[in-house]
Amino acid sequence: MLTFLSWLGFCAAAAAQTASGGTASGPPPADDRLEIVAFGDSLTQGYGVGPGEAFPEQLQAALRQNGYDVTVTNAGVSGDTTTGGLARLEWSVPANADLVIVELGANDALRGVSPGIVRDNLDAILGKLTGRGQAVILAGMMAPPNMGADYAKTFDAIFPELAEKYGVAFYPFFLEGVAAQQDLNQADAMHPNPEGVAVIVKKILPLIEKTLDTVKAG
(Lines give C-alpha, C1' and ligand atoms only; values in the text may rest on other atoms or scores of the structure.)
Protein backbone atom coordinates (compact mmCIF):
# COMPACT_ATOMS: atom_id res chain seq x y z
CA MET A 1 0.00 0.00 0.00
CA LEU A 2 1.28 3.45 -0.87
CA THR A 3 2.25 5.46 2.20
CA PHE A 4 2.78 9.17 2.49
CA LEU A 5 6.45 8.43 3.16
CA SER A 6 6.77 6.63 -0.17
CA TRP A 7 5.11 9.60 -1.87
CA LEU A 8 7.62 11.94 -0.27
CA GLY A 9 10.45 9.72 -1.50
CA PHE A 10 9.03 9.87 -5.02
CA CYS A 11 8.69 13.64 -4.82
CA ALA A 12 12.25 14.05 -3.58
CA ALA A 13 13.63 12.00 -6.45
CA ALA A 14 11.50 13.79 -9.01
CA ALA A 15 12.48 17.18 -7.65
CA ALA A 16 16.15 16.30 -7.89
CA GLN A 17 15.68 15.59 -11.56
CA THR A 18 13.62 18.74 -12.10
CA ALA A 19 16.01 21.05 -10.30
CA SER A 20 19.23 19.16 -11.47
CA GLY A 21 -0.52 31.68 13.33
CA GLY A 22 0.73 35.29 13.37
CA THR A 23 3.89 37.22 12.83
CA ALA A 24 7.23 35.61 13.53
CA SER A 25 8.91 36.78 16.70
CA GLY A 26 11.16 39.81 16.60
CA PRO A 27 11.17 43.56 17.04
CA PRO A 28 8.40 45.69 15.54
CA PRO A 29 8.88 46.48 11.86
CA ALA A 30 10.72 49.68 11.04
CA ASP A 31 9.63 51.97 8.23
CA ASP A 32 12.33 50.62 5.93
CA ARG A 33 12.01 47.00 7.00
CA LEU A 34 11.06 44.57 4.24
CA GLU A 35 7.80 42.71 4.83
CA ILE A 36 7.61 39.06 3.79
CA VAL A 37 4.45 36.95 3.95
CA ALA A 38 4.72 33.15 3.95
CA PHE A 39 1.37 32.10 2.47
CA GLY A 40 0.65 28.38 2.58
CA ASP A 41 -0.65 25.31 4.37
CA SER A 42 0.57 23.30 7.38
CA LEU A 43 4.11 23.15 5.97
CA THR A 44 4.22 26.92 6.34
CA GLN A 45 2.03 27.22 9.42
CA GLY A 46 4.30 24.98 11.49
CA TYR A 47 2.12 22.00 12.33
CA GLY A 48 3.63 20.04 15.22
CA VAL A 49 6.57 22.30 15.97
CA GLY A 50 7.04 24.71 18.84
CA PRO A 51 7.30 28.49 19.13
CA GLY A 52 10.12 29.86 17.02
CA GLU A 53 10.45 26.61 15.03
CA ALA A 54 8.02 27.14 12.13
CA PHE A 55 9.24 28.03 8.65
CA PRO A 56 8.43 31.77 8.84
CA GLU A 57 10.16 32.17 12.18
CA GLN A 58 13.26 30.23 11.22
CA LEU A 59 13.39 32.09 7.91
CA GLN A 60 13.19 35.46 9.63
CA ALA A 61 16.00 34.50 12.02
CA ALA A 62 18.21 33.29 9.16
CA LEU A 63 17.64 36.40 7.07
CA ARG A 64 18.34 38.74 9.97
CA GLN A 65 21.49 36.82 10.79
CA ASN A 66 22.58 37.43 7.19
CA GLY A 67 21.98 41.16 7.49
CA TYR A 68 18.49 41.47 5.99
CA ASP A 69 16.15 43.79 7.90
CA VAL A 70 12.92 41.82 7.48
CA THR A 71 9.75 40.72 9.20
CA VAL A 72 8.27 37.39 8.09
CA THR A 73 4.55 36.93 8.72
CA ASN A 74 3.09 33.45 9.08
CA ALA A 75 0.03 33.23 6.81
CA GLY A 76 -0.09 29.45 6.78
CA VAL A 77 -3.28 27.51 7.51
CA SER A 78 -3.10 23.81 8.27
CA GLY A 79 -5.09 21.74 5.79
CA ASP A 80 -5.47 24.58 3.33
CA THR A 81 -5.88 23.96 -0.39
CA THR A 82 -5.38 26.31 -3.32
CA THR A 83 -9.13 26.96 -3.20
CA GLY A 84 -8.93 27.98 0.45
CA GLY A 85 -5.86 30.07 -0.22
CA LEU A 86 -7.56 32.00 -3.00
CA ALA A 87 -10.63 32.59 -0.83
CA ARG A 88 -8.58 34.14 1.99
CA LEU A 89 -5.93 35.91 -0.06
CA GLU A 90 -7.30 39.43 0.33
CA TRP A 91 -7.28 39.34 4.14
CA SER A 92 -4.28 37.04 4.60
CA VAL A 93 -1.76 38.91 2.46
CA PRO A 94 -1.62 42.70 2.90
CA ALA A 95 -1.04 44.77 -0.20
CA ASN A 96 2.03 46.41 1.35
CA ALA A 97 4.00 43.15 1.65
CA ASP A 98 7.26 43.35 -0.30
CA LEU A 99 7.55 39.62 -0.96
CA VAL A 100 5.03 36.77 -0.83
CA ILE A 101 6.13 33.13 -0.68
CA VAL A 102 3.29 30.99 -2.06
CA GLU A 103 3.36 27.38 -0.81
CA LEU A 104 0.10 25.60 -1.67
CA GLY A 105 -0.94 22.45 -3.50
CA ALA A 106 0.07 19.51 -1.28
CA ASN A 107 -3.44 19.03 0.10
CA ASP A 108 -4.95 19.35 -3.38
CA ALA A 109 -2.73 16.51 -4.58
CA LEU A 110 -3.51 14.29 -1.60
CA ARG A 111 -7.24 14.78 -2.20
CA GLY A 112 -7.01 14.26 -5.94
CA VAL A 113 -8.35 17.71 -6.76
CA SER A 114 -8.58 18.29 -10.50
CA PRO A 115 -5.34 19.83 -11.81
CA GLY A 116 -7.49 22.28 -13.74
CA ILE A 117 -8.91 23.64 -10.49
CA VAL A 118 -5.45 23.83 -8.93
CA ARG A 119 -4.12 25.69 -11.96
CA ASP A 120 -7.03 28.15 -12.00
CA ASN A 121 -6.63 28.89 -8.29
CA LEU A 122 -2.87 29.41 -8.44
CA ASP A 123 -3.27 31.44 -11.62
CA ALA A 124 -5.70 33.73 -9.82
CA ILE A 125 -3.46 33.99 -6.74
CA LEU A 126 -0.39 34.90 -8.77
CA GLY A 127 -2.41 37.28 -10.90
CA LYS A 128 -3.66 39.16 -7.85
CA LEU A 129 -0.25 39.37 -6.19
CA THR A 130 1.68 40.44 -9.27
CA GLY A 131 -1.13 42.81 -10.17
CA ARG A 132 -0.43 44.57 -6.89
CA GLY A 133 3.22 44.85 -7.89
CA GLN A 134 4.39 42.44 -5.21
CA ALA A 135 7.40 40.17 -5.62
CA VAL A 136 6.49 36.48 -5.44
CA ILE A 137 8.29 33.19 -4.94
CA LEU A 138 6.23 30.18 -6.00
CA ALA A 139 7.15 26.95 -4.20
CA GLY A 140 6.36 23.82 -6.19
CA MET A 141 4.72 20.58 -5.09
CA MET A 142 4.41 17.19 -6.78
CA ALA A 143 1.54 14.74 -7.06
CA PRO A 144 1.60 11.31 -5.37
CA PRO A 145 2.19 8.49 -7.86
CA ASN A 146 -1.00 6.65 -6.87
CA MET A 147 -2.94 9.37 -8.68
CA GLY A 148 -1.57 7.98 -11.93
CA ALA A 149 0.96 9.18 -14.45
CA ASP A 150 -1.46 11.42 -16.33
CA TYR A 151 -2.55 13.23 -13.17
CA ALA A 152 1.04 13.64 -11.98
CA LYS A 153 2.25 14.93 -15.33
CA THR A 154 -0.50 17.54 -15.49
CA PHE A 155 -0.30 18.53 -11.82
CA ASP A 156 3.49 18.80 -11.62
CA ALA A 157 3.63 21.02 -14.68
CA ILE A 158 1.33 23.63 -13.14
CA PHE A 159 3.97 25.26 -10.97
CA PRO A 160 6.83 25.89 -13.41
CA GLU A 161 4.39 26.93 -16.14
CA LEU A 162 2.66 29.52 -13.95
CA ALA A 163 5.98 30.78 -12.59
CA GLU A 164 7.07 31.39 -16.15
CA LYS A 165 3.75 32.97 -17.12
CA TYR A 166 3.97 35.56 -14.35
CA GLY A 167 7.75 35.94 -14.32
CA VAL A 168 8.03 35.08 -10.63
CA ALA A 169 10.84 33.27 -8.85
CA PHE A 170 10.35 29.51 -8.71
CA TYR A 171 11.50 26.96 -6.14
CA PRO A 172 10.72 23.52 -7.64
CA PHE A 173 9.92 21.49 -4.49
CA PHE A 174 9.32 22.99 -1.04
CA LEU A 175 10.31 19.75 0.73
CA GLU A 176 13.60 19.35 -1.16
CA GLY A 177 16.16 17.64 1.07
CA VAL A 178 13.57 16.77 3.72
CA ALA A 179 11.06 14.47 2.01
CA ALA A 180 11.46 10.82 3.04
CA GLN A 181 14.23 11.67 5.52
CA GLN A 182 13.03 10.02 8.73
CA ASP A 183 15.25 12.08 11.01
CA LEU A 184 13.93 15.33 9.51
CA ASN A 185 10.23 14.53 9.82
CA GLN A 186 7.74 14.08 12.61
CA ALA A 187 6.29 10.68 13.51
CA ASP A 188 3.52 11.12 10.94
CA ALA A 189 6.16 11.16 8.15
CA MET A 190 4.25 14.08 6.66
CA HIS A 191 5.44 17.20 8.44
CA PRO A 192 9.02 18.35 8.98
CA ASN A 193 10.34 18.53 12.52
CA PRO A 194 12.33 21.61 13.60
CA GLU A 195 15.52 20.20 12.07
CA GLY A 196 13.65 19.52 8.84
CA VAL A 197 12.33 23.07 8.76
CA ALA A 198 15.89 24.30 9.19
CA VAL A 199 16.93 22.31 6.11
CA ILE A 200 14.07 23.80 4.09
CA VAL A 201 15.12 27.30 5.15
CA LYS A 202 18.78 26.65 4.31
CA LYS A 203 17.95 25.36 0.84
CA ILE A 204 15.46 28.06 -0.16
CA LEU A 205 17.40 30.91 1.47
CA PRO A 206 19.62 31.78 -1.53
CA LEU A 207 16.58 32.28 -3.77
CA ILE A 208 14.85 34.40 -1.14
CA GLU A 209 17.94 36.55 -0.65
CA LYS A 210 18.34 37.00 -4.40
CA THR A 211 14.71 38.07 -4.67
CA LEU A 212 15.03 40.48 -1.73
CA ASP A 213 18.10 42.02 -3.34
CA THR A 214 16.03 42.66 -6.45
CA VAL A 215 13.23 44.18 -4.36
CA LYS A 216 15.69 46.47 -2.57
CA ALA A 217 17.18 47.54 -5.87
CA GLY A 218 13.74 48.62 -7.03
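Residues numbered from 1 in each chain as written. Predicted model: local features only at pLDDT ≥ 70, side-chain atom pairs only at ≥ 80, totals over all residues. Heavy atoms only, no water.

Visitor: Got a minute to help me understand the overall build of the protein in this structure?
Guide: A count of helical and extended segments in the protein gives 8 helices and 6 strands. Each helix (α) and strand (β) of the protein, taken in turn from the N terminus, gives the series α-β-β-α-α-β-α-β-α-α-β-α-β-α. For the protein, with 218 residues in total, the buried portion stands at 50%. Within the structure as shown, the protein displays about 9600 Å² of accessible surface, and the carbon and sulfur contribution to it stands at 54%. (Helix = DSSP H or I, 4+ residues; strand = E, 2+ residues; numbered from the N terminus. Buried < 20%, exposed > 50% of the residue type's maximum accessible area, 1.4 Å probe, protein only. Areas by Shrake-Rupley, 256 points an atom, 1.4 Å probe, with all protein chains shown as cover.)

Visitor: So what exactly am I meant to see when it comes to helix H3 (residues 55–65) here?
Guide: Along an α-helix, residues three or four apart share an orientation, since each turn contains 3.6 residues. Among the residues of H3, Phe55, Pro56, Gln58, Leu59, Gln60, Ala62 and Leu63 are the ones counted as buried. Structurally, H3 contributes buried residues whose contacts are with strand S2 (34–40), helix H2 (42–45), strand S3 (70–76), strand S4 (99–103) and helix H8 (194–216). (Contact = heavy atoms within 4.5 Å.)

Visitor: Quick question: what am I supposed to make of the environment of Thr130 here?
Guide: Relative to the helices and strands, Thr130 is located in helix H6 (residues 115–131). Residue contacts for Thr130: discarding those within four places in its chain leaves Val136, Tyr166 and Val168. At 2.7 Å, the side chain of Thr130 and the backbone oxygen of Leu126 are in polar contact. (Polar contact = N/O pair within 3.5 Å; in protein donor to acceptor, adjacent residues only side chain to side chain.)

Visitor: Please explain the pairing of S3 as it appears in this structure.
Guide: For a regular strand, side-chain orientation follows a simple rule: the groups alternate between the two sheet faces. With respect to burial, S3 is a largely interior element, 6 of its 7 residues being buried. One ladder, built from 7 bridges, connects S2 with S3; its direction is parallel. Counterpart to Ile36 in the pairing with S3 is Val72. (Pairing = 2+ DSSP bridges.)

Visitor: How should the packing of H3 against H8 be read in this particular structure?
Guide: The packing of two helices is summarised by the inter-axis angle and the distance between the axes. Contact geometry for H3 and H8: axes closest at 9 Å, N-to-C directions at 55 degrees. In terms of axis orientation, H3 runs oblique to H8. Here the hand of the crossing between H3 and H8 comes out right-handed. Of the residues in H8, those in contact with Phe55, Gln58, Leu59, Ala62 and Leu63 of H3 are Pro194, Val197, Ala198, Ile200, Val201, Ile204, Leu205, Ile208, Glu209 and Leu212. Classifying every residue of the contact of H3 with H8 gives 13 nonpolar, 1 polar and 1 charged. (Axes fitted to C-alpha atoms, helices over the stretch in contact; angles between N-to-C directions. Parallel < 35°, antiparallel > 145°, perpendicular 65-115°, else oblique. Left-handed = near helix turned anticlockwise from the far one by under 90°. Nonpolar A, V, L, I, M, F, W, Y, C, P; charged D, E, K, R; others polar.)

Visitor: Looking at this model, I keep getting lost on the side chain of Glu103. Mind explaining?
Guide: Inspection of the secondary structure assignment puts Glu103 in strand S4. Despite its burial, Glu103 pairs with no opposite charge, the nearest such side chain being Arg88 at 7.9 Å. Within the local environment of Glu103, its side chain forms a polar contact with the backbone nitrogen of Asp41, the two atoms lying 3.2 Å apart. In terms of polar contacts, Glu103 uses its side chain to reach the side chain of Thr44, at 2.7 Å. Aside from chain neighbours lying at most four places away, what touches Glu103 is Phe39, Gly40, Asp41, Leu43, Thr44, Ala139 and Phe174. (Lys, Arg positive; Asp, Glu negative; His and termini not counted. Salt bridge = Lys/Arg side-chain N within 4 Å of Asp/Glu carboxyl O.)

Visitor: What should I look at first to understand the packing of aromatic side chains in this one?
Guide: Each pair of aromatic rings is reported with the distance of its centres and the angle of its planes. Applying the stated rule across the entire model yields 3 aromatic pairs. Seen from their ring centres, Phe55 and Phe174 are 5.1 Å apart, and the 75 degrees between their planes marks the pair as edge-to-face. You can see Phe55 sitting in helix H3 and its partner Phe174 sitting in the loop between strand S6 (169–171) and H8, a full 119 residues away along the chain. Given a relative accessible area of 1%, Phe55 falls into the buried group. Seen from their ring centres, Phe155 and Phe159 are 5.5 Å apart, and the 65 degrees between their planes marks the pair as edge-to-face. Separated by 4 residues within a single helix, Phe155 and Phe159 lie in helix H7 (residues 149–166), roughly one turn from each other. As far as burial versus exposure is concerned, Phe155 and Phe159 are alike and both buried. A network of ring pairs unites the aromatic residues Tyr151, Phe155 and Phe159 as a single cluster. (Phe/Tyr/Trp six-rings, centres within 6.5 Å; stacked < 30°, edge-to-face > 60°.)

Visitor: Teacher, can you tell me more about the environment of Gly46 here?
Guide: With respect to the helices and strands, Gly46 occurs in the loop between H2 and H3. When the C-alpha atoms of Gly46 and Asn74 are compared, they prove to be 8.9 Å apart, with 28 residues separating the residues in sequence.

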